[in-house]
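Here are the chains, one letter per residue:
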Amino acid sequence: MKFIVKLFPEITIKSRSVRQRFCKRLASNLRIQFKDLGEQVAQGAGTEVLSHWDYIEILIHNPAITAEDARDILRRNPGIAYFQQVLEFPLTTAEEIIPHLVAANSERLKGKSFAMRVRRVGQHDFSSLDWERHLGGALMQLTEARSVDLRCPDVQVRLEVRHQKVFIETEREPGMGGYPLGSQEDVVSLMSGGFDSAVATYLTMKRGCKTHFCFFNLGGSAHEIGVRQIAHHIWKQYGSVAKVYFVSVPFDEVVAEILTKVNHSLMGVILKRMMMRAGNRVASRLHVNTLVTGESIAQVSSQTLTNLNIIDNASERLVVRPLIVSDKQDIINQAKAIGTFDMAASMPEYCGVISDRPTVKARPDKVLEEEAKLDMEVIRRAIERSQVLKIDQVLKDLKPQAELDQFEAKEDAVVIDIRHPTEQEKSPLTLDAEVVHIPFYQLSTRFPELDQEQQYLLYCDRGVMSKLHALYLHDAGHVNVGVYGSK
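Structure report, in brief.

Thresholds applied
Residues numbered from 1 in each chain as written. Predicted model: local features only at pLDDT ≥ 70, side-chain atom pairs only at ≥ 80, totals over all residues. Heavy atoms only, no water. Helix = DSSP H or I, 4+ residues; strand = E, 2+ residues; numbered from the N terminus. Rg over C-alpha atoms; globule rule 2.2 N^0.38 Å. Contact = heavy atoms within 4.5 Å. Areas by Shrake-Rupley, 256 points an atom, 1.4 Å probe, with all protein chains shown as cover. Core = buried A, V, L, I, M, F, W, Y, C linked by side-chain atoms within 4.5 Å. Buried < 20%, exposed > 50% of the residue type's maximum accessible area, 1.4 Å probe, protein only. Patch = residues over 30% accessible without salt bridge, like charges linked within 9 Å, V, L, I, M, F, W, Y side chains within 5 Å. Salt bridge = Lys/Arg side-chain N within 4 Å of Asp/Glu carboxyl O. Polar contact = N/O pair within 3.5 Å; in protein donor to acceptor, adjacent residues only side chain to side chain. Pairing = 2+ DSSP bridges. Right-handed = clockwise from strand over helix to strand, strands pointing away. Axes fitted to C-alpha atoms, helices over the stretch in contact; angles between N-to-C directions. Parallel < 35°, antiparallel > 145°, perpendicular 65-115°, else oblique. Left-handed = near helix turned anticlockwise from the far one by under 90°. Nonpolar A, V, L, I, M, F, W, Y, C, P; charged D, E, K, R; others polar. Arc of directions from axis to C-beta.

### Re the overall build of the chain
Looking only at helices and strands, the chain features 17 helices and 19 strands. Expected size for 487 residues packed as a compact globule is a radius of gyration near 23 Å; at 29 Å, the chain overshoots this value by more than 25%. With respect to the principal axes defined by its C-alpha atoms, the chain has extents near 90 × 50 × 45 Å. Of all intrachain contacts in the chain linking residues separated by at least 6 positions in sequence, the fraction that spans at least 24 positions is 79%. Approximately 23200 Å² of the chain is accessible, and the part contributed by carbon and sulfur atoms is 49%.

### Some thoughts on the nonpolar core
Val249, Phe251, Ile258 and Met274 are the most contacted members of the largest nonpolar core, which totals 55 residues. The greatest single-element share of this core, amounting to 10 residues, is contributed by helix H9 (residues 267-285). For valine 249, the residues in contact, after removing those within four places along its chain, are Cys214, Phe215, Phe216, Asn217, Val282, Ala382, Ile383 and Ser386. Counting 33 residues, the second-largest nonpolar core is a separate cluster that includes Ala200, Ile234, Tyr238 and Ile391.

### Quick notes on a nonpolar patch on the surface
On the surface, a nonpolar cluster with roughly 260 Å² of combined accessible area is contributed by Met140, Val148 and Leu150. Examined against the element boundaries, valine 148 turns out to sit in strand S6 (residues 147-148).

### Concerning the side chain of serine 296
On the secondary structure map, serine 296 appears in the loop between strand S12 (290-292) and helix H10 (305-312). On the basis of relative accessible area, serine 296 is assigned to the buried category, the value being 2%. At 2.9 Å, the side chain of serine 296 forms a polar contact with the backbone oxygen of serine 326. Apart from the residues within four sequence positions on either side, serine 296 is in contact with Gln303, Leu323, Ile324, Val325 and Ser326.

### Some details on the pairing of strand S9 (residues 187-191)
Regular strands place side chains that alternate from one sheet face to the opposite one. Burial of S9 is extensive: 5 of the 5 residues sit out of reach of the surface. Residues Val187, Ser189 and Met191 of S9 are buried on one face, and the alternating residues Val188 and Leu190, pointing to the opposite face, are buried as well. In this sheet, strand S10 (residues 211-217) lies alongside S9 in parallel orientation, the contact comprising 5 bridges. From the neighbouring strand, methionine 191 faces S10, where its bridge partner is phenylalanine 215. Assessed by its sense of winding, the connection that carries the chain from S9 through helix H6 (residues 195-206) to S10 is right-handed. Note that S9 and S12 share 2 bridges and pair parallel. The residue bridging serine 189 from the neighbouring strand is valine 292, located in S12.

### Some thoughts on the packing of H9 against helix H14 (residues 377-384)
Their axes nearest at 10 Å, the elements H9 and H14 cross at an angle of 45°. The orientation of H9 relative to H14 falls into the category oblique. As for how H9 packs across H14, the hand of that crossing is right-handed. Between H9, through Met274, Ala278, Arg281, Val282 and Arg285, and H14, the contact on the second element is made entirely by Val378, Ile379, Arg380 and Ile383. Its residues placed into classes, the contact of H9 with H14 shows 6 nonpolar, no polar and 3 charged.

### Digging into the sheet that holds strand S14 (residues 387-390)
Read across the sheet, 6 strands follow the order S13-S12-S9-S10-S11-S14 without closing on themselves; strand pairing throughout is mixed. The strands lining the two open edges of the sheet, one partner per strand, are strand S13 (318-320) and S14. Within this sheet the neighbouring strands show an average axis-to-axis angle of 25°, counted without direction. The strands that H6 touches are S9, S10 and S12; relative to S9, the one it contacts most, it runs at about 165°.

### Structural notes on the pattern of salt bridges
Scanning the entire structure with this criterion turns up 35 salt bridges. Across the pair arginine 380 and glutamate 384 runs a salt bridge whose closest N-O atoms are separated by 2.5 Å. Of the two residues, arginine 380 and glutamate 384 both sit in helix H14, 4 residues apart, roughly one turn of that helix. Owing to a relative accessible area of 57%, glutamate 384 belongs among the exposed residues under this scheme. When salt bridges with common partners are traced through the structure, they connect Lys6, Asp54, Arg119, Glu160 and Arg162 into a single cluster.

### Side note on the sheet that holds strand S1 (residues 2-7)
Here we have 8 strands laid out as an open sheet, ordered S2-S3-S1-S4-S8-S7-S5-S6, and mixed in their pairing. Of all the strands in the sheet, the pair left with one neighbour each is strand S2 (47-51) and S6. Most of the contacts of helix H3 (residues 67-75) go to strand S4 (residues 80-90), to which it runs at about 145°, and overall it touches S1, strand S3 (55-60), S4 and strand S8 (165-177). Here helix H4 (residues 94-109) sits on the sheet in contact with S4, strand S5 (113-121), strand S7 (155-162) and S8, set at roughly 155° to S7.

### What about helix H11 (residues 328-338)?
When H11 is considered as a whole, its buried residues turn out to be Ile331, Ile332, Ala335 and Ile338. In an axial view of H11, the angular spread of the buried residues amounts to 130°, which keeps them on one side of the axis.

### A closer look at the pairing of S4
Both S1 and S4 contribute to a ladder of 6 bridges, which runs antiparallel. Residue pairing in the sheet places valine 5 in a bridge with phenylalanine 83 of S4. Alignment of S4 against S8, held across 10 bridges, turns out to be antiparallel. Within S8, the position partnered with glutamate 88 by the bridge is phenylalanine 167.

### What to know about the packing of helix H8 (residues 252-261) against H14
Contact geometry of H8 with H14 gives a least axis separation of 9 Å together with a crossing angle of 165°. Relative to H14, H8 is oriented roughly antiparallel. The hand of the H8/H14 crossing is left-handed. Packed against H8, whose contacting residues are Glu253, Val254 and Glu257, the element H14 presents Val378, Ile379, Arg381 and Ala382 at the interface. Here the residues of the contact of H8 with H14 are counted per class, giving 4 nonpolar, no polar and 3 charged.

### Observations regarding the side chain of aspartate 417
Structurally, the position occupied by aspartate 417 is in strand S16 (residues 414-417). Among the residues examined, aspartate 417 registers a relative accessible area of 0% and is labelled buried. One polar contact links aspartate 417 to arginine 419, side chain to side chain, over a distance of 2.8 Å. What aspartate 417 contacts, discounting residues up to four positions off in sequence, is Gln424, Leu429, Val435, Val436, His437, Ile438, Pro439 and Tyr459.

These figures capture arrangement, not role.
Have a look at this one:
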């Protein structure tokens, strides 16, 4: 079985040395993945990956590797314009090629129009047009093709003459495009688990950057489990040849500091600035000079151009935003295409829950004034408590999520309203049961002070935050907590 891989056009216009480096990197990436595949399916003959000036040749000798196995690898490797499954024959005469061409194309030409396409590389005593006419005429006579149509054919029959070899194409698929993974510098992607950050991460991988993952944990273990799954999926699908890290930074103390000290209109912008500061420290630890985010102009209040500029001022490193001018629906469609949509759809957006009446045009002096109220040691403590894992290990130490019951409030149950105080004021919770008010950002410190013989039920408007924080408390050993609701 043989495949021909054609380089992404942007690679072919590079200088000779750069082109050779990119081609070598792509070939190396493919060798690693085909070797891993061979070890998974069976021991035995391997796969040859041969790098040429304008294409890469893949020869598969392992009978346990199917054509679909090979295509799956080639679809998921950046740097490829398209790839072809081909049959190879020595160059003799057009007459001797005709039986092979008919055998390869007779079924797919039944009742259809076609065009014969011949491409040549090297010196020959015939032209591409000569062979197109001769071979096309033979296919019309020897197959059940309906007609020849050079403008808009149902099928294109492709053949390439490369010096003294003939390649008959049997399948062709587009590749990812972009540059080979590892051909560009490393970056750190700030992952929230939503649609945007996952797609932004994919795009940096597609452009050749080895991409590490940094997650700011605002919602406990359940939130982190979801983000780990998304990060691992993206890496496994599109970047598995790279050795990268997943860094989890506990941000609950940072959020509590902001919510208790910062003016409500600036909370979102200042939270993002704190993330930039922490992201810079993570990047420094990994020896990386660039951060990546999934922000897009004006998608939310913190993403206006004015606010993004203020957010960037908190970073010592370049901040790259691959989605900066993308529409939300386009981002969602891309998430579906790369397989992260379903996981991201169930992920709550935490950055949006802490701001009340956010500003879309923050003033730098006001931001600095509000930040002066903060204890910046929370950043250092968050980094000290962070966890650094190899990306291929992120799913190995996950604990099964606890199953949490939902209850109607009973006389002996205490309901904890975990909403932000401004939400509590706007829509007070009135129940027959006892209600206490502990904002979600104070739960981890205040819950242990409560009577642990009592049963508690957490309440929020949609039930998402309450479930996540109940799971977080379960992980901390508090089994006397459930989620308020109705069965």
